[in-house]
Amino acid sequence: MQLSSEELHKALKKYFGFDTFKGNQEEIIQDLISGKDVFVLMPTGGGKSLCYQLPALLMEGTAIVVSPLIALMKNQVDAIRGFIENRDGIAHFLNSSLNKAQTNEVKEDLLKGVTKLLYMAPESLTKEDNIDFLKQIHISFFAIDEAHCISEWGHDFRPEYRRIRPIVDEIGNVPIIALTATATPKVREDIKRNLKMDEAKVFISSFNRPNLYYEVRDKSNPKRDIIKYIKDNPGKSGIIYCLSRKKVEEISELLNINGIKALPYHAGLDAATRAHNQDAFLTQEVDVIVATIAFGMGIDKPDVRFVIHYDIPKSLEGYYQETGRAGRDGNEGECICFYSYKDIQKLEKFMQGKPVSEQEIGKQLLQETVAYAESNQCRRKILLNYFGEDYPQENCGMCDNCLHPKKQFDGMEDMLYVIELINSMKENFKGEQLANILGGVSNALIKSYNQNKLELFGIGRDKGVRHWNAVIRQGLVLHMLDKDIERYGLISVTPAGNAFYKRPHKLMLTEDRDFVDGEDDDDDEESSMENRKLPGTGGGGNDELLAILKGIRSDMSRKLSLPPWIIFSDPSLEDMTILYPITLVELKNCQGVGEGKARKYGQPFVNVISKYVEENGIQRPSDFVMRSAPNKSSNKIFIIQSIDRRIPFEEIANSRDMDIDELLDEIESIVSSGTHLNIDYCIRQNIDEDKIDDIYSYFKEEASSDSLSDAMKELGPDYTEEEIRLVRIKFLSEVGN
Ligand code: ADP
Ligand code: MG
């Protein structure tokens, strides 16, 4: 079939009401209707659907559209029916959600030849009787939407996608159009190979989304950061992605408690709730949807103003797709990702137990995300490079790294070392291993290759492995090095790299960013005092104010003859220098400060902070107060009530299915968050009066912290761990709260 541009434009206007084609649409459509295979790479929102919908309407027969999500099919069919009035049979879908009668109705329309578009899930396409049926009708072409599902290297691999080609061959010799919004060069190859589309013309639109802003943040206090961000951007629509359903529920609840209209979305909710929550988001009834990655595919909400990743995504493909949902109307779209290396370790743990090849792929994809997060290079450059596209500008002006450029260094010599090392070895190795060699890390792997004997081993020890990793990654982006994804990411030198080696020149590179280990906030409420981490290290507090507060604390400590740490711990003081509380109520937002402590010791501190804020014109963190969710483990409330009623500890533990250790953990956590508990009834029953006094005065007079292991060492074997813990609880509760 052949149509002039004029005729195509007419059809576009007639069926869809648009005056012009977007991007490559017209050429794509021309190729398809003339019987060629086409491969379309277009970012989300680029207008892929029209590339097969319009040809389907124009060509003879029915176009089969393979699409992975049953839920989306109905939307698509409704949409096309909406464009074309009074012709309900024009588009149908065939999948497992239809009953017998509905299926027959669809088949009738197909046999009658009124249906131009038939959407099918890959599972339905591969069914024997459907194949037989399709052989009876005239098919115009096959459209494979979300074609990246063919590849294991994509982020949602669907094995059934791999069976499409043989079936198409069986049904008849018709053209194929494959479409995807996310495909790295590797995934692209997979798609072409699997669909046997070597001859196909490839249409690549730029993946750059110039209106999106990218930022990676330290995950040291993500909840507070998110609430502050949303409060600073009132009324804007946004998506927050979390990895687990539990986290989704928790964050959604937390937002609501803080006066932000939000709803959760994940696969664990029933279909009606999911549909309701999605609608509420689309219709702006709520501002924020907190979701797992189950949310978003096919959602066309043009005015999403921010996409926040609470957890690091598993791959950059997924990340780009998810962030792509921001700013589809071309206006503001901020993409913020929280990162801590702990999350990476968690994700790696999840992969254990999966087949080795899958683990290998998963780890490599994850490694790319780490590289992205830790890099100080332009984020846009890295992302586009990942999709095989070069971003020419030096500074994109729309990412954290370009807005706050880090110091660069001349990496000429370092890059030469990397190239020399790779070329000096017979085999190729992964980036990590190369970095370890240059950084002089002698692990088992390196020894097994005798690489610790190499001349270049440890040549850059003083710079550290992190530095070498950064150099290698930038070598990749600059195309001096190449990574063979298929073979475990082995690194080789490109001709450009060798040319540089022959004629070296100045080469400005950036160091990677150093991230603070985030709080392990999954168990922050549960952790016992002993395990409590000290956040705030390097966490942007005010050192001058901290020194002043420490001064007040030592005065007070002398006056009350109490150890300073019992008044306020260091992390509490550090938090004060970040939050600048000026009332006792606000003071309680600082970590480790409960009602009791605030009342007993807080006043002089808030007085000084208040004065300091005024004198120095400090901008307090938008004067917001983050409220925490009421403790979900109703355990704590139960325990507090039971202790008030003097119930024996064994009984409390039994009725909650805990052992005594777990109960003590809970009690310690209650006390450390500032609640006063009187456990004398239990202590007096279990411990001698003398021992109680000894332990108590140890904490009061000798201890330099509340450390349990120190106490056990000091007090010696006459005191059991449990005794020390009990008295420590008494002490902390009486003196602290
Ligand atoms: P994709 O599948 O690439 O993510 P869609 O096919 O869903 O994108 O299209 C995104 C949006 O662009 C839709 O709202 C669609 O109606 C619109 N669109 C597509 N083609 C055109 C065009 N030629 N002119 C105007 N709008 C278009
Ligand atoms: Mg689409």
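Residues numbered from 1 in each chain as written. Chains lettered and ligands numbered in written order. Predicted model: local features only at pLDDT ≥ 70, side-chain atom pairs only at ≥ 80, totals over all residues. Heavy atoms only, no water.

A separate point is the overall build of the protein chain. When helices and strands are counted, the protein chain shows 34 helices and 18 strands. A principal-axis box enclosing the C-alpha atoms of the protein chain has dimensions of 95 × 70 × 50 Å. Split by element, the accessible area of the protein chain, about 33700 Å² in all, is 48% carbon and sulfur. For the protein chain, the centre of its 92 positive side-chain charges and the centre of its 119 negative side-chain charges are spaced 3 Å apart. (Helix = DSSP H or I, 4+ residues; strand = E, 2+ residues; numbered from the N terminus. Areas by Shrake-Rupley, 256 points an atom, 1.4 Å probe, with all protein chains shown as cover. Lys, Arg positive; Asp, Glu negative; His and termini not counted. Charge placed at Lys NZ, Arg CZ, Asp CG, Glu CD.)

A separate point is the pairing of strand β5 (residues 139-144). Of all the six residues making up β5, six are buried; the element is thus mostly covered by neighbouring parts of the structure. When strand β2 (residues 62-66) meets β5, the two strands line up parallel, connected through five bridges. The residue of β5 that forms the bridge with Ala-63 is Phe-141. By the bridge criterion, three bridges tie β5 to strand β6 (residues 176-180) in an arrangement that is parallel. Across the sheet, residue Phe-142 finds its bridge partner in β6, namely Ile-176. Taken together, β5, helix α8 (residues 164-171) and β6 constitute a β-α-β crossover, and its handedness is right-handed. (Buried < 20%, exposed > 50% of the residue type's maximum accessible area, 1.4 Å probe, protein only. Pairing = 2+ DSSP bridges. Right-handed = clockwise from strand over helix to strand, strands pointing away.)

Looking now at the site of ligand 1. Taken together, 15 residues surround ligand 1, and among them Thr-20, Lys-22, Gly-45, Lys-48 and Ser-49 come closest. Contacts to ligand 1 include Gln-25, whose side-chain N or O atom sits 3.0 Å from a nitrogen atom. In the complex, 72% of the free accessible area of ligand 1, which totals 570 Å², lies under the protein chains. Of the residues that constitute the shell around ligand 1, the class distribution is four nonpolar, seven polar and four charged. (Near = heavy atom within 4 Å. Polar contact = N/O pair within 3.5 Å; in protein donor to acceptor, adjacent residues only side chain to side chain. Nonpolar A, V, L, I, M, F, W, Y, C, P; charged D, E, K, R; others polar.)

Looking now at helix α9 (residues 185-194). Inspection of α9 places Lys-186, Val-187, Arg-188, Asp-190, Ile-191 and Lys-192 among the buried residues, and these make up the whole buried set. In this fold, the buried residues of α9 make contact with β1 (38-41), β6, β7 (201-204) and α13 (316-323). Phi for Lys-196, located one or two positions after α9, is positive at around 50 degrees. (Contact = heavy atoms within 4.5 Å.)

Moving on, we get to the state of the cysteines. Counted by the stated rule, this structure contains zero disulfides. With no disulfide of its own, Cys-337 lies closest to Cys-335 among cysteine sulfurs, the gap being 10.0 Å. Of the residues examined, Cys-337 reaches a relative accessible area of 2% and is grouped as buried. There is no disulfide at Cys-402, and the cysteine sulfur nearest it, in Cys-378, is 3.7 Å away. Since its relative accessible area comes to 9%, Cys-402 is described here as buried. (Disulfide = S-S within 2.5 Å.)

Okay, the pattern of salt bridges next. Under the counting rule described, the total for this entry stands at 42 salt bridges. Two residues, Asp-680 and Arg-684, come together in a salt bridge whose shortest N-O distance is 3.9 Å. Of this pair, Asp-680 and Arg-684 both sit in helix α31 (residues 680-686), four residues apart, roughly one helical turn. We classify Asp-680 as buried; its relative accessible area is 17%. For Arg-684, a relative accessible area of 55% translates into the label exposed. One continuous salt-bridge network, built from bridges that share partners, spans Asp-661, Asp-665, Glu-668, Arg-725 and Arg-728. (Salt bridge = Lys/Arg side-chain N within 4 Å of Asp/Glu carboxyl O.)

Quick look at the confidence of the model for the protein chain now. Predicted coordinates in areas of low pLDDT are best not read in detail. Of all residues in the protein chain, 94% have pLDDT values of 70 or greater, and the mean over the chain is 88. Below a pLDDT of 50 lies the segment residues 522-539, which in the model reaches 37 contacts outside its immediate sequence neighbourhood of four places, other chains included. (pLDDT = per-residue confidence, 0-100.)

Summed over all chains, the structure comprises 16 aromatic pairs. Aromatic side chains Phe-16 and Phe-18 sit 6.5 Å apart centroid to centroid with 15 degrees between the ring planes, which places their arrangement in the stacked category. Residue Phe-16 is classed as buried on the basis of its relative accessible area of 6%. Note on Phe-18: relative accessible area 41%, which makes it partly exposed. Considering the side-chain rings of Tyr-698 and Phe-699, the 5.1 Å spacing of their centres and the 70 degrees angle between planes classify their relative orientation as edge-to-face. For the pair shown, Tyr-698 and Phe-699 are each scored as buried. The structure contains a cluster of three or more aromatic residues connected by ring pairs, namely Trp-565, Tyr-696, Tyr-698, Phe-699 and Phe-731. The residue whose ring lies beneath Lys-107 is Phe-133, and the NZ or CZ to ring-centre distance is 5.1 Å. (Phe/Tyr/Trp six-rings, centres within 6.5 Å; stacked < 30°, edge-to-face > 60°. Lys NZ or Arg CZ within 6 Å of the ring centre and 35° of its normal.)

As a further point, take helix α27 (residues 595-615). With 21 residues, α27 extends 28 Å from end C-alpha to end C-alpha; this agrees with the ideal 30 Å at 1.5 Å per step. At Gly-602, α27 shows its largest bend, some 75 degrees, and a proline, Pro-604, comes one to four positions later. When we look at burial in α27, the residues that qualify are Gly-596, Lys-597, Ala-598, Tyr-601, Gly-602, Phe-605, Val-606, Ile-609, Tyr-612 and Val-613. In the core, the buried residues of α27 are packed alongside α23 (543-560), α24 (564-567), α25 (570-579), α26 (584-587) and α34 (721-736). The positive-phi residue at the C-terminal boundary of α27 is Gly-617, with phi of around 55 degrees. (Expected span 1.5 Å × (residues − 1). Bend = angle between axes of the 7 residues up to and from the residue.)

Our next topic: the sheet that holds strand β8 (residues 212-218). Spatial strand order, β8-β13-β12-β9-β11-β10: six strands in an open sheet with parallel pairing. On the outer flanks of this sheet lie β8 and β10 (262-265), each paired with one strand and no other. Ignoring strand direction, the axes of neighbouring strands in this sheet form an average angle of 15 degrees. The strands touched by helix α10 (residues 222-232) are β8, β9 (237-241), β11 (288-291), β12 (304-309) and β13 (333-339); relative to β13, the strand with the most contacts, the crossing angle is about 170 degrees. (Axes fitted to C-alpha atoms, helices over the stretch in contact; angles between N-to-C directions.)

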